[in-house]
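# Overview (structure and organization)
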Amino acid sequence: MHTKTLAELSAGLAAGEFTSVELTEHFLARIRQHDGRLNSFITVTEEQALAQAREADARRAAAQAGPLTGIPIAHKDIFCTDGVRTSCASKMLDPFIAPYDATVVARFLQAGMVMLGKTNMDEFAMGSSNETSFYGPVKNPWDLACVPGGSSGGSAASVAARLTPAATGTDTGGSIRQPAALCGITGLKPTYGRVSRYGMIAFASSLDQAGPMAATAEDCALLLGAMAGFDERDSTCAEREVPDYHAALGGDLKGLRIGLPREYFGEGLDSQVAAAVETAIAEYKKLGAEVVAISLPNTHLAVPTYYVVAPAECSSNLSRMDGVRFGYRCENPKDLEDLYKRSRGEGFGSEVKRRIMVGAYALSSGYYDAYYLKAQKIRQLISQDFTEAFKQVDVIMGPTAPSAAFRLGEKKDDPVAMYLADIYTIAVNLAGLPGMSVPCGFADGLPVGLQLIGNYFDEARLLNVAHQYQLATDWHRRLPEGF
Amino acid sequence: MMEWETVIGCEIHTQLATKSKIFSGAATAYGAEPNTQACAVDLGLPGVLPVLNKEAVRMALMFGLAVNAEIGKRSVFARKNYFYPDLPKGYQISQFELPIVGKGELSIELEDGQTKVVGITRAHLEEDAGKSLHEDFHGMTGIDLNRAGTPLLEIVSDPDMRSGKEASAYMRKIHALVTYLGICDGNLQEGSFRCDVNVSVRPKGQAEFGTRAEIKNLNSFRFVEKAVEYEVARQIAIIESGGKVIQETRLFDADKGETRSMRSKEEANDYRYFPDPDLLPVIVEDALIEQLRQGLPELPDAKKARFIEAFGLPAYDAAFLTGSRAMADYFEQVVESANCEAKMAANWVMGELSAALNRAELGIEQSPIGASQLAGLIARIADNTISGKIAKEVFEAMWSGEGDADQVIEKKGLKQITDSGAIEAIVDEVLANNAQQVENYRNAEPDKRGKMIGFFVGQIMKASQGKANPGQVNQLLKSKLDN
Amino acid sequence: MALNKDDVQNIAHLARLAIDEADIPAYAQNLSNILALVEQMSAVDTSGVAPMAHPLEMAQRLREDVVSEENLREHFQQHAPAVENGLYLVPKVIE
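We now turn to the structure provided with this report. (Residues numbered from 1 in each chain as written. Chains lettered and ligands numbered in written order. Predicted model: local features only at pLDDT ≥ 70, side-chain atom pairs only at ≥ 80, totals over all residues. Heavy atoms only, no water.)

## With respect to the sheet that holds strand β5 (residues 91-95) of chain B
Within the open sheet, the 3 strands sit side by side as β5-β4-β15 (chain B). Their pairing is antiparallel. Of all strands in the sheet, those with a lone pairing partner are β5 and β15 (274-275) of chain B, marking the two edges. As defined by bridge partners, strand β4 (residues 77-81) of chain B adjoins β15(B) across 2 bridges and the pair is classed as antiparallel. Bridge assignment links A78(B) to a residue of β15(B), and that residue is P275(B). Set on the sheet, helix α9 (residues 302-317) of chain A makes contact with β4, β5 and β15 of chain B; between it and β4(B) the angle comes to about 65 degrees. (Pairing = 2+ DSSP bridges. Helix = DSSP H or I, 4+ residues; strand = E, 2+ residues; numbered from the N terminus. Contact = heavy atoms within 4.5 Å. Axes fitted to C-alpha atoms, helices over the stretch in contact; angles between N-to-C directions.)

In structure tokens, the structure reads:
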């Protein structure tokens, strides 16, 4: 059952081949059997899952089932889930039982999906390797000595190993696309504002966006349809109709203009990754697309800009973690300052502390103009690069990450080297555009991801472009051995 | 001996009279049980997001229009970052670079009857903090976040005031304005209207300002005056003895009538302001400004002018009666329902009623005698049912809740005697009993008679228990004595 | 810009983070490296460029002034670190 895509499971449930309870039990058993090696889940909500599955079966019996009813899903532990620990993989929130559901979680519940549990991640989504989790690193199912990418590493690894047919992720600088690439699955970061951020614990508010992670683009289309849409609780959520993404799949790619930014194929790109991406582009040409060489001249500024904007916002967003109303509080604080400093000092891991400090520094008096304001201006330039590019092309393609999965511990002590893992994904967040990663081959046995970048709110096209490729290839069907 | 000039600028925090909070749907009502009006957003729980209250924006704009200010057609919310337990998110959402209300002005009346124009630097929207309760919880402080998120309009003046009296006149005028506009309940005791004053002194004639001290949270007009007086004396004493005033925040101790240094909330005061990424720019359309302008109520200056013009009241009376909207409304209702001379209504409101309210420390809103009741009393004077003197007795009875004017008059038999036969009988009786005085009167020079007639009037009023109509008494006496 | 030990301590204080004395050199090194990376921005001429605070050109949506939240105090305080009589407790605040 677990080798089926979400769309196939949906059809199987509809045809009565199996029930949601059977499906849920199957995946729960797989989690029990395999997750000891992967560490992709922080919390497994077995009882709730089975209760939700029974409810889904009842819904189906009453002919009130939708396409997602009864299908299991795992949520990144950054989404608040009422009555369930929502830790953000931090000691700080280890004691935090969320008292409400994130909008995304509520929408999937409404659609009848069954929550299997909460997936591991980099602490507060800060990382590209899933090594900063308080609950220990996640392993890549393709090679247990390698990282799954991050920050949605638990979601990516669990989908890749088919411990769940689908998972939610969040993407602030590549946190859906990069782990999707490294684990060989399909992931979509929607346009900023397409999906509500309410109940998603904020890392960098102007960059964060939730999206689906699954085996195929078709699965992502089904999931995005349920996630997306206006939410009155999020001021930055777009008041815009949600197209039927699944129905929009289809239609050939003849005449599709694909932009290849020269900056995405230069120095630092692993040659096997480059070869896989080029083969994928050749496949697109066969499907009738034309390729246009473009330039995104400010690409090299994306990482520096991001490491001002994101830390600045996170330094402020994480100030509420103060040991007063929820979460971790240090033992016997001797005064208020001690309460703050030790609760935060002990509750946050070192990467989180580093970023908070960089952010506090960049916003502090005397440095604001040189760092934060400057970064906002360069952000504008980076965004304009894309605006210009989309005058010439319909979709931009390139590698998702400069290399396939790297080894655990390889970059752990060198933050700057780690940050460069997101060199191709970060600009998309700065501009607020939708981006996807689609499996397109292997480098030394490890998956490689093709990145697709679309224009604002052009997810329907993006999904179909990915879908057409997946109809012609089978990279997304490959499964890691041993699971 | 050096002559000193005082320079004062005010920052007034007015709680806007919205039903719900500025960024959440929690109630703003005063006096609820601790933390029962603090929702997830007010508590700054992980994942929550702010959505701006429309009414708070409208109210801020109304204030801007009332002080002829430039309206910020594009205003931006910023985060002011500091750690304090009554500030749940670790930052206050406020406006920094682009406030909703820009430069404006307001005229205040000085004691000598002159008016003075005070510049309004800006007014911006922000959220209030919670409250720290210092009663003993085993040496701990208790935090109540009911007030957190209550909308505030912070009104900042130019440093235009030159004395404590001017500062309190300014504060009164702003108070009148916001209550006229109905955007603030003006309740000083409950903290709906709080004033911070920046005080400095400089040698008369010097252009640059001296070092200022900020005196926080003054919640009475009188305290503003006292605090400024104390602070000015303190600063002059420091400078004259060769010391230097240090820039700091001070608290006013109302019991001792002095200011004292307060430990600063964040010593460095590095608030790391930056635009709040959870909120978007607030765009104010011209149509809304026009609509609000049309809907503005009559403001204090205009009302005062009308009271002088339409009611023929002296300027002093008009200023007094327009001091607050409640007072002005009360007065106008009295005039209308009593159908009497405006001056007579003014005398009653400013005299007997205000004195009684002051004695009882009540605002006019809490007056035990409503406007229509007072009008009922005045109407009985106007129609000669009772004399002015009896009216005071009736007023006392009404104040103690013995009913309205007619009931009191009836119950106590205070109705004026206007039956000329009855009055003539009393007059005859008094004249008969005082034959010697009658003789003296008739022998007196005509110009002395005016004084002498008072004796007879007094005797007649005494005999009638004050109920004889004084006009008729006078007329009858004259005709009987002079013939 | 290279940060020294004092800089790290000042920033850690501003951000209310207790940092082990022994870890300060490593923080100073890492933060300096990050700032060096970020420093690449200074080479760019941004005169005349409007700062971009949001990816989307949208205006703030306004909420109707309606009380929509009920009292959930017990629910919210269920897992709070220290609560008494409905109040959150913190070490004595001195003003």
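## Regarding the sheet that holds strand β8 (residues 131-137) of chain B
In spatial order, the strands read β8(B)-β9(B)-β3(C)-β2(C); together these 4 strands make up an open sheet with antiparallel pairing. Where the open sheet ends on each side, the last strands, each with one partner, are β8 of chain B together with β2 (83-84) of chain C. Relative to strand β3 (residues 87-91) of chain C, strand β9 (residues 140-144) of chain B runs antiparallel, the two being bridged by 4 bridges. Within β3(C), the residue paired with T141(B) across the bridge is V90(C).

## Some thoughts on the packing of aromatic side chains
Per the stated rule, a full pass over the model turns up 28 aromatic pairs over all chains. Here a set of aromatic residues connected by ring pairs shows up, and it is made of Y82(B), F96(B), Y271(B) and Y273(B). Sitting above the plane of the F483(A) ring, R37(A) keeps its charged end 4.3 Å from the centroid. Looking at R240(A), its charged tip hangs above the ring of F457(A), at a distance of 4.0 Å from the centre. (Phe/Tyr/Trp six-rings, centres within 6.5 Å; stacked < 30°, edge-to-face > 60°. Lys NZ or Arg CZ within 6 Å of the ring centre and 35° of its normal.)

## Here we look at the interface of chain B and chain C
Frequently, the measure chosen for interface size is the accessible area removed from exposure when the parts meet. On the side of chain C, 33 residues touch chain B, which itself brings 53 residues to the contact. Together, the buried faces of chain B and chain C total about 4000 Å²; carbon and sulfur atoms form 59% of this surface. Between the two partners, chain B and chain C, sit 1 salt bridge. With a shortest N-O distance of 2.7 Å, E64(C) and K54(B) are connected by a salt bridge. The tally of links from chain B across to chain C stands at 22 residue pairs in polar contact (both at pLDDT 80 or more). Elements that contribute at least two residues to the side of chain B that touches chain C include exactly α1 (40-43), β2 (52-53), α2 (54-66), β8, β9 and β16 (282-283) of chain B. (Buried area = accessible area lost by both parts, 1.4 Å probe. Salt bridge = Lys/Arg side-chain N within 4 Å of Asp/Glu carboxyl O. Polar contact = N/O pair within 3.5 Å; in protein donor to acceptor, adjacent residues only side chain to side chain.)

## Comments concerning the environment of S10(A)
Residue and element names in this part refer to chain A. The residue S10 is located in helix α1 (residues 6-14) in this model. The spacing of S10 and P67 is 57 residues in sequence and 5.8 Å in space, taken between C-alpha atoms. Sequence-distant contacts of S10, that is, excluding residues within four places in its chain, are made with P67 and I71.

## Describing helix α15 (residues 446-463) of chain B
All names here are of chain B. Taking 1.5 Å per residue as the helical rise, α15 with its 18 residues ought to reach 26 Å, and the 26 Å between its terminal C-alpha atoms agrees with that figure. Of all the bends found along α15, the most pronounced is centred on M452 and spans about 25 degrees. Elements that come into contact with the buried residues of α15 comprise α13 (420-433), α14 (435-443) and α16 (470-482). Positive backbone phi, approximately 55 degrees, marks Q465, located one or two places after α15. (Expected span 1.5 Å × (residues − 1). Bend = angle between axes of the 7 residues up to and from the residue.)

## Focus: the interface of chain C and chain A
Contacts between the two partners involve 49 residues from chain C and, on the opposite side, 73 residues from chain A. At the boundary of chain C with chain A, total buried surface from both sides reaches about 5200 Å², with 70% on carbon and sulfur atoms. In terms of surface lost to chain A, no three residues of chain C exceed M41(C), M52(C) and R61(C), which account for 15% of the buried area on that side. Our count for the chain C to chain A interface comes out at 1 salt bridge.

## With respect to the environment of E337(A)
All names here are of chain A. The topology assignment puts E337 in helix α10 (residues 336-347). Residue classification places E337 among the partly exposed residues on the basis of a relative accessible area of 34%. Remark: the alpha-carbon pair of E337 and Q52, spanning 285 residues in sequence, is separated by 44 Å. (Buried < 20%, exposed > 50% of the residue type's maximum accessible area, 1.4 Å probe, protein only.)

## Some thoughts on the packing of α13(B) against α15(B)
Residues and elements named next belong to chain B. Where α13 contacts α15, the axes come no closer than 10 Å and their chain directions differ by 125 degrees. For the element pair α13 / α15, the angle class is oblique. As for the relative orientation of α13 and α15, their crossing is right-handed in sense. Residues I426, V427, V430 and L431 of α13 pack against F456, Q459, I460 and A463 of α15. Looking at side-chain class alone, the contact of α13 with α15 contains 7 nonpolar, 1 polar and no charged residues. (Parallel < 35°, antiparallel > 145°, perpendicular 65-115°, else oblique. Left-handed = near helix turned anticlockwise from the far one by under 90°. Nonpolar A, V, L, I, M, F, W, Y, C, P; charged D, E, K, R; others polar.)

Geometric values such as these leave the question of function open.
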